[in-house]
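# Commentary on secondary and tertiary structure
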Amino acid sequence: MIYKFLPEALIELAPNKAFVINGDFELKNVTWNENVSKSDIPEYEDIIKKCEELQAAEPMRLLREERNRLLLETDWWAVADRTMTSEQTAYRTALRDLPANSPNVALDEQGNLINVTWPTKPE
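Here the structure is a predicted model, which means the values were calculated and not measured.

### Remarks on helix 2 (residues 44-73)
An α-helical segment advances 3.6 residues per turn. Residues three or four places apart therefore align on the same side. Compared with an ideal rise of 1.5 Å per residue, which puts 30 residues at 44 Å, helix 2 spans 42 Å between its outermost C-alpha atoms and is within 8% of the ideal. Its axis deflected by about 40 degrees at E58, helix 2 carries its strongest bend there, up to four residues before the proline P59.

Written as structure tokens, this is what we have:
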């Protein structure tokens with residue numbers, strides 16, 4: 001089985017331990033550096049569990065990433081020598097509240113976020 005999050009899982013489970021993935025992201029394609037002790041190599045079950053955790057967290061990670069991009073786009077509204085309109089303030093507040101207000105965020109088959117109601121940016 002191919003694990004999209006295999007590299008991240010291995011890095012989290014075995015920080016600073018060198019490995020190479022030769023080919024698809026499958027456990028059989030992982031080669032650990034000869035200097036890595038067998039006791040430092042994570043167990044199969046732990047790797048699978050970590051991949052599943054990372055996959056489950058991916059929708060929220062992507063939501064935060066997009067939310068942060070949208071906030072950054074409007075940071076200039078909040079500079080010291082400018083006063084935001086109530087609509088601009090509400091928009092930025094709604095963006096900051098998105099993670100808490102999107103408990104069912106998920107990804108569709110194409111990897112797009114679903115179950116998120118994005119606020120409308122004021123003009």
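### Digging into the packing of helix 1 (residues 6-13) against helix 2
At their nearest, the axes of helix 1 and helix 2 sit 9 Å apart, and the two run at 115 degrees to each other. Helix-helix and strand crossings are classified by hand; for helix 1 and helix 2 the assignment is right-handed. Contacts between helix 1 and helix 2 involve L6, E8, A9, L10, E12 and L13 on the former and, on the latter, D46, I47, K50, C51 and L54.

### Notes on the environment of P122
Among the structural elements, P122 can be located in the segment after strand 4 (113-114). In the structure, P122 is positioned 33 residues away from T89 in sequence and 9.7 Å away in space, judged by C-alpha atoms. In this structure, P122 is in contact with W77, E87, Q88 and Y91, ignoring residues within four places of it in sequence.

### Quick look at helix 1
Listed as buried for helix 1 are L6, P7, A9 and L10. Considered in projection along helix 1, the buried side chains sweep an arc of 165 degrees and stay on one side of the axis. Looking at the buried positions of helix 1, the neighbouring elements they touch are strand 1 (19-21), strand 2 (30-32) and helix 2.

### Quick word on unusual backbone geometry
Of note, the phi angle at N16 is positive, near 65 degrees, even though the residue is not glycine. With respect to the helices and strands, the residue N16 is situated in the loop between helix 1 and strand 1. Since its relative accessible area comes to 80%, N16 is described here as exposed. Located in the positive-phi region is N115, a residue other than glycine, with phi close to 65 degrees. Here N115 is to be found in the segment after strand 4.

### A short note on the nonpolar core
Ranked by size, the top nonpolar core spans 14 residues in total, and within it Y3, L6, L10, V30, W32, I47 and C51 carry the most contacts. Among the elements of the structure, helix 1, strand 2 and helix 2 are those that each provide at least two residues to this core. Element by element, the count of residues in this core is highest for helix 2, at 4 residues. When sequence neighbours within four positions are dropped, the list of residues in contact with V30 reads L6, L10, F19, V20 and I21. By size, the runner-up hydrophobic cluster in this structure holds 10 residues, among which are L63, Y91, L95 and V105.

The rules we used
Residues numbered from 1 in each chain as written. Predicted model: local features only at pLDDT ≥ 70, side-chain atom pairs only at ≥ 80, totals over all residues. Heavy atoms only, no water. Helix = DSSP H or I, 4+ residues; strand = E, 2+ residues; numbered from the N terminus. Expected span 1.5 Å × (residues − 1). Bend = angle between axes of the 7 residues up to and from the residue. Axes fitted to C-alpha atoms, helices over the stretch in contact; angles between N-to-C directions. Left-handed = near helix turned anticlockwise from the far one by under 90°. Contact = heavy atoms within 4.5 Å. Buried < 20%, exposed > 50% of the residue type's maximum accessible area, 1.4 Å probe, protein only. Arc of directions from axis to C-beta. Core = buried A, V, L, I, M, F, W, Y, C linked by side-chain atoms within 4.5 Å.

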